[in-house]
Amino acid sequence: MNLKKIKDAAVLIAFLAVMLWTSYGSTEEKEDKQIYIGVACYDQKDTFLGELMEAFKDECSHLEAKGYGISLTIMDAANSQRTQDDQVQEMINNGCDVLCVNLADRTDPSEIIDTARENDVPIIFFNREPVEEDLMQWNKLYYVGAEAKQSGQMQGELAADYIKENPSVDKNSDGKIQYVILEGELGHQDAIIRTESVAESMKENGVELEKLSYQTANWNRAQAQNRMTQLIGQYKNSIELVIANNDAMALGAMDAYEKLGITDSNYPVFFGIDGTDEGLEAVRQSKLAATVYNDKEGQAYAMAQLAYAVVTGYGMNNIGFENKKYIYLPYKKVTADNVTDFIDNIQD
Ligand code: BGC
Ligand code: CA
């Protein structure tokens, strides 16, 4: 081989090496700049969850400003843990980098945790809180939500304040408030704890209570209407207060009164939790006496920031964890006096 040939070969090799390096570099960069988030939702027909998912999509598009492409898959388990286990497996097989999981059965996350762990995919549980023992199984498990007890306490304070300001709530003037309670799903942390703490908080705030009955309506407006119709049949006009574990059920209870054509003067007062779009509108119209805002924008923001941080490694130190794993967003009281602040905020 003469010198020229050697030189030519060397140039060619160098050229190929540069080509290879740049093409390798660019694919690597493209891969690094894409985050695939897989979301497993227990039931997207749930009003609050539907609104939370919308807020989460917004937050993910804001994340793109950090220079990463976000690809988002949301799967709906229609309330079946089996279905959800399969959906999680599918998203992991498709190469997702991080999972956000809203458990169908909050007591049964073990299959999801095992699969995620085998594939080293971190999980951010949200809204339906696994028990602590489960969350402690691996250091890449997190929870974003709110403290149920706080929402019950605030709802109780709102009801107590309202009753003090409006003594006519005690329709039969016996010094006690006859009430019924509409509960969310059996076994859900927010149903159990809200029910307990709302009654405690009303008592602590000086309200004499008489609990007439309770019904489970699974967070659902139509079921609540149904259950409330039964309760009205049983207790007629003696119900003075309806406490619902969420807004959808408070609105369902109001539907029952409307549908039965009961006159306004025989209506009880209604209290909800969540501040869904319809809930806030009902507070604005003073149909719902008050609600407690379940900060879905804050939760969506925390989930998106945490998803970004666990995948890229950036920003983990700025996240305000409790006990290294938990992010709880505070609830806020909403009455006719401040409801427009919340409605305006959402429209922004
Ligand atoms: C909300 C409910 C919702 C439930 C679903 C609760 O935090 O208040 O409206 O149905 O979560 O898990
Ligand atoms: Ca009374």
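The structure displayed is predicted, hence computed values, not measured ones.

Conventions adopted
- Residues numbered from 1 in each chain as written.
- Chains lettered and ligands numbered in written order.
- Predicted model: local features only at pLDDT ≥ 70, side-chain atom pairs only at ≥ 80, totals over all residues.
- Heavy atoms only, no water.
- Helix = DSSP H or I, 4+ residues; strand = E, 2+ residues; numbered from the N terminus.
- Buried < 20%, exposed > 50% of the residue type's maximum accessible area, 1.4 Å probe, protein only.
- Contact = heavy atoms within 4.5 Å.
- Areas by Shrake-Rupley, 256 points an atom, 1.4 Å probe, with all protein chains shown as cover.
- Core = buried A, V, L, I, M, F, W, Y, C linked by side-chain atoms within 4.5 Å.
- Domains from an automatic or database assignment.
- Donors = N, O, S within 2.8 Å, 3.2 Å for Na, K, Ca; no water.
- Axes fitted to C-alpha atoms, helices over the stretch in contact; angles between N-to-C directions.
- Parallel < 35°, antiparallel > 145°, perpendicular 65-115°, else oblique.
- Left-handed = near helix turned anticlockwise from the far one by under 90°.
- Nonpolar A, V, L, I, M, F, W, Y, C, P; charged D, E, K, R; others polar.
- Near = heavy atom within 4 Å.
- Polar contact = N/O pair within 3.5 Å; in protein donor to acceptor, adjacent residues only side chain to side chain.
- Pairing = 2+ DSSP bridges.
- Expected span 1.5 Å × (residues − 1).
- Arc of directions from axis to C-beta.
- Patch = residues over 30% accessible without salt bridge, like charges linked within 9 Å, V, L, I, M, F, W, Y side chains within 5 Å.
- Salt bridge = Lys/Arg side-chain N within 4 Å of Asp/Glu carboxyl O.
- Lys, Arg positive; Asp, Glu negative; His and termini not counted.
- Charge placed at Lys NZ, Arg CZ, Asp CG, Glu CD.
- Right-handed = clockwise from strand over helix to strand, strands pointing away.

### What to know about the overall build of the protein
Link 1 in the chain: Scanning the protein for helices and strands turns up 12 helices and 12 strands.
Link 2 in the chain: Burial analysis of the protein (348 residues in total) assigns 50% to the buried set.
Link 3 in the chain: In the protein, the proportion of contacts linking residues at least 24 apart, taken out of those at least 6 apart, comes to 73%.
Link 4 in the chain: Put simply, the protein shows about 16,900 Å² of open surface, and 48% of that area lies on carbon and sulfur atoms.

### Observations regarding the nonpolar core
What tends to happen in soluble globular proteins is that the nonpolar side chains get buried as a cluster.
Link 1 in the chain: Counting residues in hydrophobic clusters, the biggest one holds 65 residues, and the most contacted among them are Ile-37, Phe-56, Ile-124, Phe-126, Val-144, Leu-182 and Met-228.
Link 2 in the chain: Top contributing element to this core by residue count: helix 11 (residues 296-312), with nine residues.
Link 3 in the chain: When residues are assigned to domains, this core turns out to be shared by domain 1 (34-146 + 295-330) and domain 2 (149-293), each giving three or more.
Link 4 in the chain: Beyond its immediate chain neighbours, meaning those up to four positions away, Met-228 contacts Val-180, Leu-182, Ile-239, Val-242, Ala-253, Ala-256 and Tyr-257.
Link 5 in the chain: Counting 24 residues, the second largest nonpolar core, distinct from the first, contains Ala-160, Leu-241, Val-269 and Tyr-331.

### As for the coordination of the calcium ion (ligand 2)
Link 1 in the chain: Protein-derived coordination of the calcium ion (ligand 2) comes from Asp-170 (OD), Asn-172 (OD1), Asp-174 (OD), Lys-176 (O), Gln-178 (OE1), Glu-240 (OE) and Glu-240 (OE), at a distance range of 2.2 to 2.5 Å.
Link 2 in the chain: Donor residues binding the calcium ion (ligand 2) come from one chain and are separated in sequence as D-x1-N-x1-D-x1-K-x1-Q-x61-E.
Link 3 in the chain: With a relative accessible area of 4%, Gln-178 lands in the buried category.

### With respect to the packing of helix 9 (residues 247-259) against helix 10 (residues 277-284)
When two helices pack together, their arrangement is given by the angle between the helix axes and by the axis-to-axis distance.
Link 1 in the chain: Running from amino to carboxyl end, helix 9 crosses helix 10 at an angle of 55°, the nearest separation of the two axes being 9 Å. Here helix 10 runs oblique to helix 9, going by the angle between their axes. Helix-helix and strand crossings are classified by hand; for helix 9 and helix 10 the assignment is left-handed. Residue-level contacts link Asp-247, Leu-251 and Met-254 of helix 9 to Glu-278, Gly-279 and Ala-282 of helix 10.
Link 2 in the chain: Taken together, the residues of the contact of helix 9 with helix 10 sort by class into three nonpolar, one polar and two charged.

### Some words on the site of ligand 1
Link 1 in the chain: Taken together, 13 residues surround ligand 1, and among them Asp-46, Asn-127, His-188, Asp-190 and Asp-274 come closest.
Link 2 in the chain: One of the side-chain nitrogen or oxygen atoms of His-188 is found 2.8 Å away from an oxygen atom of ligand 1.
Link 3 in the chain: Contacts to ligand 1 include Arg-194, whose side-chain N or O atom sits 2.9 Å from an oxygen atom.
Link 4 in the chain: Protein contacts shield 99% of the accessible area of ligand 1, which totals 310 Å² for the unbound molecule.
Link 5 in the chain: For the shell around ligand 1, a count of residues per class yields four nonpolar, four polar and five charged.
Link 6 in the chain: Both of domain 1 (34-146 + 295-330) and domain 2 (149-293) provide at least three residues apiece to the shell around ligand 1.

### Describing the pairing of strand 10 (residues 290-293)
Link 1 in the chain: Burial along strand 10 is two-sided: the face carrying Ala-290 and Val-292 and the face carrying Thr-291 and Tyr-293 are both buried.
Link 2 in the chain: With four bridges joining them, strand 10 and strand 12 (residues 332-335) adopt antiparallel strand pairing. By the bridge assignment for strand 12, Ala-290 is matched with Thr-335.

### Here's the deal with unusual backbone geometry
Link 1 in the chain: For Asn-79, which is not glycine, the phi dihedral falls at a positive 70°.
Link 2 in the chain: For Asn-79, the position within the fold is in the loop between strand 2 (69-76) and helix 3 (81-93).
Link 3 in the chain: Even without being a glycine, Asp-274 presents a positive backbone phi close to 130°.
Link 4 in the chain: If you trace the backbone, Asp-274 turns up in the loop between strand 9 (269-271) and helix 10.
Link 5 in the chain: For Asp-274, a relative accessible area of 4% corresponds to the buried category.

### Structural notes on helix 3
Link 1 in the chain: Helix length check: helix 3, at 13 residues, gives a terminal C-alpha distance of 18 Å against a target of 18 Å (1.5 Å per residue), a fit within 8%.
Link 2 in the chain: Residues Gln-81, Gln-84, Asp-85, Gln-87, Val-88, Met-91 and Ile-92 constitute the buried set of helix 3. For helix 3, the buried positions fall inside an angular range of 165° around the axis, keeping them on one side. Projecting away from the buried face of helix 3 at angles above 90 degrees are the exposed residues Arg-82, Asp-86 and Asn-93.
Link 3 in the chain: Where helix 3 begins, the capping side chain belongs to Ser-80, and its oxygen is found 3.4 Å from the backbone nitrogen of Arg-82.
Link 4 in the chain: Downstream of helix 3 by one or two residues, Gly-95 has phi in the positive range, about 90°.

### Regarding a negative patch on the surface
Link 1 in the chain: Taken together, the side chains of Asp-86, Glu-90, Asp-105, Asp-108, Glu-111, Asp-114 and Glu-118 define an acidic patch exposed on the protein surface.
Link 2 in the chain: Those elements that place two or more of their residues in the negative patch are helix 3 and helix 4 (110-118).
Link 3 in the chain: Looking at which element gives the most residues to the negative patch, the answer is helix 4, with three residues.
Link 4 in the chain: Its relative accessible area of 30% is what places Asp-105 among the partly exposed residues.

### Points about the pairing of strand 3 (residues 98-101)
Link 1 in the chain: With burial as the criterion, each face of strand 3 is covered, one bearing Val-98 and Cys-100 and the other bearing Leu-99 and Val-101.
Link 2 in the chain: Sheet topology places strand 1 (residues 34-41) next to strand 3; four bridges connect them, and they run parallel. Opposite Ala-40, over in strand 3, you have Val-101 as the bridge partner.
Link 3 in the chain: As judged from the three bridges shared by strand 3 and strand 4 (residues 123-126), these two strands associate in the parallel manner. Paired with Val-101 across the strands is Phe-125, a residue of strand 4.
Link 4 in the chain: Taken together, strand 3, helix 4 and strand 4 constitute a β-α-β crossover, and its handedness is right-handed.

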